Structures are given as C-alpha cells and as structure tokens.
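# Observations on chain architecture
Residue strings, one per chain:
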Amino acid sequence: PAKNELDSFDPAELYNPDLEAQKSRSFEIGIKGNLISFDSDLFYDMIFEATYFNIKIDNEIVPFELFGDVFFRNAAKTTRQGLELGTSVKIYKGLKLDFSYTYSDFIYDSYLTKTVLFDSVGNIVEVEKDFAGNYAPSVPEHNIYTALSYSFPIYSTITGFFKVSYMGVSGLWVDDANSDKTDAYNLLNSVLGFDMVFGKFNLLISGGVNNITNLLYVGFTNTNSASGRFYEPGEPRNYFGSLNIGYSF
C-alpha cells in the first residue's frame, strides 16, 4: 500500500496494522492495426484496437469514507475482467471519427471483513459483512466515448478545427454492499479553435461548452461512505477558453 493508504481510522493507532499488500496476476490479449486505402477519399485510414483483460487480485485495497476522510481496507479476492475496443477513422478530408468502448466486470470472489458503520444513535460500530459475489463499486460496467472532429484550412498558416463529443456512462455501485446504484448519464461536449503558425511561433486559441444539455448527474461517488453521503454532483453546463503559445527552436 501507498503511505496515505496506511492511515488508521482509530486515533490510537498511527498506521492501520491490518492493511496488507495487494497482489495481482494479470492476463491480456488483443489485436491492433491500421487499415489504409490509397485509392479512395472516403474512410481511407482506420486505426483499430481490441483487448480482453483478466486480473486476479488478492487482498485488493478498497477505500471507505468516514467523517469526510478516506481510509482503506483489504478485500480478499477479486476478479477484474473486461473488454476494450477503440477505433479512429478518417472519414473524409479533415473529418475524423473516434470511438472507444470499455466493458468492465469486476466481481468480489470472496470478501469477509469488518466494515465501519454508524448505528441508530450515531455511534461508530464495526460489523462483520460478507460481500462475496458483489460488484466492485465506483466502476461503470459500460463506458462509451465517441467524437466527430473536423479541421479546415483558412489560410496557409491558419487551420480551424471543431469537435463535438459524446460520453455515455452506466450506473455506478456506491459501496461494497451494492446497496445503491447511480443512474446512467450521457454528456455532450464541444470545442472550436484555431491553430496559427507564425514562423517559429505557434498560437492555439480554443473555446467550447461542456455538458451542453445541462444534465444533472452524479459525477463522483464517495465509495463506502459510513454516513451514506455517497454522491457528488457532476459539473453543470460550463464554458471554457484556452490560449497556448509555443516556440520551436
């Protein structure tokens, strides 16, 4: 464990004496490549990748929250397996499509532990729980990202670009007991900018909008919160701008 993970929730102890090292054995197999068409202006360049992974973890280090502070404990055995797919396709001159998808199946194979809770009058108590067979919290089962971007020359030294992106995230379990799950959400973002080259200087100006539909969603969870305060809101619609100046020697 890292040093910050060794903190003990018991004020009488400087470090958590029960936290053990996490060990893992992993297996991964996949394929990736690049398909190029030299005699077509449509879908003429595609990069693709597909990967299956399987990770067996002993004594997985798992967070829990108490009075706003995060501490850690061990799960016994966990299997984390999933599939990752991705592609980037040049559709037409300057027009490109990016897509990625991750499927995650993270299960506690065995997990018997003392968990920290508040009783009916607000006292801290430790209760032995068995979480075997439950899903690991804070990890979405499905995660999709896709973006359509277009770059276009304005002048010999100036290029404009525009991108709109979509992110879809399935619900997250909030604790090891799988007592509740957040709703899935879908976000739309966009950016517009100009890339300018003046000799050895490069000027990049851009601006955009995130969460275009102003969706109300859970953007972060406080995993295993003893007080049940699991949810942190995601950002509402927000606007941004950036200015980058570069110089090449």
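Below or above, wherever it landed, is the structure these notes cover. (Residues numbered from 1 in each chain as written. Predicted model: local features only at pLDDT ≥ 70, side-chain atom pairs only at ≥ 80, totals over all residues. Heavy atoms only, no water.)

Helix and strand counts for the protein stand at zero helices and 15 strands. In terms of overall dimensions, the protein has C-alpha extents of about 70 × 40 × 40 Å along its principal axes. Across the 249 residues of the protein, 32% fall into the buried class. The contacts in the protein between residues at least 6 apart in sequence include a share of 58% that link residues at least 24 apart. Positive and negative charge centroids in the protein, built from 18 and 31 side chains respectively, lie 6 Å apart. (Helix = DSSP H or I, 4+ residues; strand = E, 2+ residues; numbered from the N terminus. Buried < 20%, exposed > 50% of the residue type's maximum accessible area, 1.4 Å probe, protein only. Contact = heavy atoms within 4.5 Å. Lys, Arg positive; Asp, Glu negative; His and termini not counted. Charge placed at Lys NZ, Arg CZ, Asp CG, Glu CD.)

Moving on: the pairing of strand β9 (residues 142-155). Where strand β6 (residues 95-110) meets β9, nine bridges bridge the pair, whose relative direction is antiparallel. Within the sheet, the bridge partner assigned to Ser100 lies in β9 and is Tyr145. By the bridge criterion, twelve bridges tie β9 to strand β10 (residues 158-169) in an arrangement that is antiparallel. Looking across to β10, one finds that Ala147 is bridged to Ser165. (Pairing = 2+ DSSP bridges.)

A contiguous patch of negative charge, built from Asp10, Glu13, Asp18, Glu20 and Glu126, is present on the exposed surface. Among the secondary structure elements, Glu126 is positioned in strand β8 (residues 124-130). Take Glu126: its relative accessible area is 49%, and that puts it in the partly exposed class. (Patch = residues over 30% accessible without salt bridge, like charges linked within 9 Å, V, L, I, M, F, W, Y side chains within 5 Å. Areas by Shrake-Rupley, 256 points an atom, 1.4 Å probe, with all protein chains shown as cover. Salt bridge = Lys/Arg side-chain N within 4 Å of Asp/Glu carboxyl O.)

Moving on to the nonpolar core. Judged by nonpolar contacts, Phe53, Val62, Ala75, Phe106, Tyr108, Tyr111, Phe131 and Ala136 together constitute the single largest core of eight residues. Sequence-distant contacts of Val62, defined by excluding residues within four places in its chain, comprise Phe71, Phe72, Arg73, Ala75, Tyr108, Tyr111, Asp176 and Asn224. Formed by five residues, the second largest nonpolar core is a distinct cluster that contains Phe64, Leu66, Val116 and Ala226. (Core = buried A, V, L, I, M, F, W, Y, C linked by side-chain atoms within 4.5 Å.)

It is worth spelling out the side chain of Asp105 at this point. Note on placement: Asp105 falls in strand β6. Although buried, Asp105 forms no salt bridge, and the nearest oppositely charged side chain, Lys56, lies 9.5 Å from it. Among residues more than four places away in sequence, those in contact with Asp105 are Thr79, Arg80, Gln81 and Tyr135.

The strand order across the open sheet formed by nine strands is β1-β2-β5-β6-β9-β10-β11-β12-β15, and the pairing between neighbours is antiparallel. Of all strands in the sheet, those bounded by a partner on one side alone are β1 (23-36) and β15 (238-247). Put simply, the sheet's adjacent strands are angled 10° from each other on average, direction ignored. Here 14 bridges tie strand β2 (residues 45-58) to strand β5 (residues 77-92), and the two strands are oriented antiparallel to one another. By the bridge assignment, Ile55 is partnered in β5 with Arg80. (Axes fitted to C-alpha atoms, helices over the stretch in contact; angles between N-to-C directions.)

Inspection of every chain in the model, using the stated rule, returns six salt bridges. With its nearest N and O atoms 2.4 Å apart, the salt bridge here joins Glu60 to Arg80. Taken together, the residues Glu60 in the loop between β2 and β3 (61-66) and Arg80 in strand β5 connect sequence positions 20 residues apart. For the pair Glu60 and Arg80, one class covers both residues: buried. With a shortest N-O distance of 2.9 Å, Asp176 and Arg73 are connected by a salt bridge.

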